[in-house]
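Results of the structural survey
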Amino acid sequence: MEHAIELQNVHKSLGAFQLKDLSMQVKKGFVTGFVGGNGAGKSTIMKMILNLIQPDAGVVRVFGLEHQQNEKAIKEKIGFVFNDSLFYEDLTLRDMKNLIAPSYQNWDDSSFQQYCDRFALPLKQPIKLFSDGMKMKASLAIALSHHAELIIMDEPTTNLDPVFRRELIEHLHDVMLDENKTIFMATHIMSDLSSLADYITFIDKGEIIFSKDVHQLEEKFAIVRGGLELLDRDTEQYFLSIKRSNSGFEALTSDYETVVKLFGREAVIEKANLEEIMYYSRGGKSSGSTH
Amino acid sequence: MQILISNSSKEPIYQQIKHQVKEKILSSELREGDALPSMRQLAKDLHISVITTKRAYEELEKEGFIYSITGKGSFIAEQNPDIIKEKKLATIEDKLVEVIANSKELGLSLQDIKEWLTILYEER
Amino acid sequence: MVQLIKKDLIVHKFGWFIYFAMLAFYVLLGKHDSEFIIALLSAIVTVYVFYFDEHANGHKLWNALPFTRNELVSARYIVLLINTMITSGVFIVISVIIKGGWEQLAWQHIVGGFALVIICSALFFPCLYGFAQSNRILLWFILYVGSVVIGIYVLSDIASKMMDSTTKMPLWSDGMLFGLSLFAICLYLLSWLLSLMIYKKKEII
């Protein structure tokens, strides 16, 4: 089984928001970054993986299992970290751990103790006195202490300062020393992903725009800038999105080599970073925006 | 095994790893049977994604520099001395070609290069 | 599932002592009937565990842990019964200690309290599940506890009307009490099924 998570033709309406016929996979043994703007559908999918939200149609499989028959087995294998704290604020971390630990068959108390030491988490302090960073670390300590094979994280770094964020990434690198672990992490902070993610899945308005490994992204995607006279029906087909202005156009391509051959030195062609890819992917080919 | 990568280099990171491992093999710093760090350990140490080290190792394996045993790790493959020599010659050739190209750009003649080369060769 | 029941009982921590103190206070005050005390306290203890889950991200947490929704709902229905048994038990003990004997205890009142809290919970639990995670949930908490209080007065009003004015003995038979209990149990089971259905479809945001 190659995939830790598999969504097949999933439909879901939640108020004005819709997922239409969405399919995606998350490779086992790797880190997949799940990126997209606010309201793109990341959290909805994260929640479907945990059966907090159920699809109207389609299939969600985790390690080949479906929630309908194997809900508990699936959840045993998942460690989760959400950006909002799921703890009872009045309890201490030890109390909270004592509530959660018996829920998992494979709870490993010594591992939890180690993480608390490493993260410098006070066990006897009410959780309401924890900083956001500490709460996230506490969630992570719990997520990592029951031998979960899949760690899903929904915007874990949103409320954290850069130092904390780096620390988190460092810990996740440690987790990935074990080839049986899979991390699926939704974020809109691109720097979190650059050193960690193996695959990037990009979602916008409930649609998967692309899902690629980081090398493909690095090699294939580029930003092209040039004069408007370069654009015609033939050349436009090489672009995912084009932004026109009076001084020229800026476009995103996922076919670097062809575009280099096509335009040569007539246009400026630069490798695109993740943020640029996201920004331009959302633009479409309309000529609406000017700079 | 020391590997230094640069994030600002134009060369992709997996290439940087490949090149450095190759260099270490060619300079005999790494010898047959030496164990390489695991893909995942190296990724962690270098703060890069696993898929990057995976690609570097896969390509090194394809080119015959290393071999992998599932569950044990990756090791330096037996290097045929002739092949090593050939590879070293190939690198020299590459560099000379580069020198020629650069020299032509500046309009240096073959004679100029030869003289320069002779001076440098005798100095070392 | 046992873990879920245990968790609902231990989240109160020292809260239990406060409940028991309230219980003792009411018994000492001697103004209220036993069914009032038992029903009210059971309702308070139960509403508190609902509140605890609403206040924190309880629904999200417990649904993300290896539990099914059926287990989560069923545990709560069982917990209410346990809560009521605990309050009744403690009530009996305190009454015996304070009043110095069993004579004063009317088991009919205890069964009446039990039946009342079960009926009110049966009516309101499906609403609490339906409105979970919405800001209207507080209103339902209040209505739930309020219904218990009102239920008590209705019940005692009926009881006083059915009191024989000369003998001061209740007129209602054990048969009627049995009927009331049976009705309460049936309603509770129906409500249980309804809550399972409601919560199964619930989107946990």
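An unreviewed UniProt entry annotates chain B as GntR family transcriptional regulator of Virgibacillus chiguensis.

Looking up chain A in an unreviewed UniProt entry gives the name ABC-2 type transport system ATP-binding protein, with the organism given as Virgibacillus chiguensis.

Considering the overall build of chain B
What chain B contains, in helices and strands, is 5 helices and 2 strands. With the C-alpha coordinates aligned to their principal axes, the bounding extent of chain B is approximately 55 × 35 × 25 Å. Here the analysis covers contacts within chain B between residues at least 6 apart in sequence; of these, 44% occur between residues at least 24 apart. Treating the 18 positive side-chain charges of chain B as one cloud and the 21 negative ones as another, the clouds have centres 6 Å apart.

Notes on the interface of chain A and chain B
Listed by partner, the interface residues are 19 residues for chain A and 14 residues for chain B. Where chain A abuts chain B, roughly 1400 Å² becomes buried across the two surfaces, and 54% of that area is made up of carbon and sulfur atoms. When the area that chain A buries against chain B is broken down by residue, the three leading residues are His173, Leu177 and His215 of chain A, summing to 37%. Where chain A packs against chain B, one counts 2 salt bridges.

Remarks on helix α2 (residues 15-29) of chain C
Residue pairs spaced three or four apart in an α-helix point in one direction, given the helix's 3.6 residues per turn. All names here are of chain C. Between its first and last C-alpha atoms α2 spans 21 Å; for 15 residues at 1.5 Å apiece the expected length is 21 Å, and the two agree. Listing the buried residues of α2 in full gives Gly15, Trp16, Tyr19, Leu23, Tyr26 and Val27. Buried residues of α2, viewed axially, fall in a sector of 120°; they line one side. Opposite the buried face of α2, by more than 90 degrees, sit the exposed residues Phe17, Ile18, Phe25 and Leu28. Turning to α2, the residues buried within the fold contact α1 (2-10), α3 (34-55) and α5 (69-99). Looking one or two places after α2, you find Gly30, whose phi comes out positive at around 65°.

A word on the interface of chain A and chain C
On the chain C side, the residues contacting the 28 residues of chain A number 27 residues. The largest share of the area that chain A buries against chain C comes from Leu52, Tyr88 and Leu99 of chain A, three residues that together contribute 27% of it. Linking chain A with chain C are 4 salt bridges. For Lys12 of chain A, the salt bridge goes to Glu203 of chain C, with nearest N and O atoms at 2.8 Å. Counting every contact that joins chain A to chain C gives 15 residue pairs in polar contact (both at pLDDT 80 or more). For the side of chain A that touches chain C, the elements supplying multiple residues, two or more each, are β1 (3-14), α2 (67-76), β6 (78-82) and α3 (93-100) of chain A. When residues of the side of chain A that touches chain C are assigned to their parent elements, the largest contribution, 5 residues, is made by α3 of chain A.

Some thoughts on the domain arrangement of chain B
When the domains of chain B are assigned, the result is domain 1 (13-76) and domain 2 (81-123). Relative to domain 2 of chain B, the C-alpha centre of domain 1 of chain B lies at a distance of 29 Å.

Comments concerning the sheet that holds strand β8 (residues 182-187) of chain A
Residues and elements named next belong to chain A. Spatial strand order, β6-β7-β8-β3-β9-β10: 6 strands in an open sheet with mixed pairing. Each having just a single partner strand, β6 and β10 (207-213) make up the two edges of the open sheet. Taken pair by pair, the neighbouring strands of this sheet meet at an average axis angle of 15°, ignoring direction. Where β6 and strand β7 (residues 150-154) come together, 5 bridges link them in parallel fashion. By the bridge assignment for β7, Phe82 is matched with Asp154. Across the sheet, helix α5 (residues 132-143) is in contact with β6 and β7; its angle to β6 comes to roughly 175°.

Basis of the calculations
- Residues numbered from 1 in each chain as written.
- Chains lettered and ligands numbered in written order.
- Predicted model: local features only at pLDDT ≥ 70, side-chain atom pairs only at ≥ 80, totals over all residues.
- Heavy atoms only, no water.
- Helix = DSSP H or I, 4+ residues; strand = E, 2+ residues; numbered from the N terminus.
- Contact = heavy atoms within 4.5 Å.
- Lys, Arg positive; Asp, Glu negative; His and termini not counted.
- Charge placed at Lys NZ, Arg CZ, Asp CG, Glu CD.
- Buried area = accessible area lost by both parts, 1.4 Å probe.
- Salt bridge = Lys/Arg side-chain N within 4 Å of Asp/Glu carboxyl O.
- Expected span 1.5 Å × (residues − 1).
- Buried < 20%, exposed > 50% of the residue type's maximum accessible area, 1.4 Å probe, protein only.
- Arc of directions from axis to C-beta.
- Polar contact = N/O pair within 3.5 Å; in protein donor to acceptor, adjacent residues only side chain to side chain.
- Domains from an automatic or database assignment.
- Pairing = 2+ DSSP bridges.
- Axes fitted to C-alpha atoms, helices over the stretch in contact; angles between N-to-C directions.

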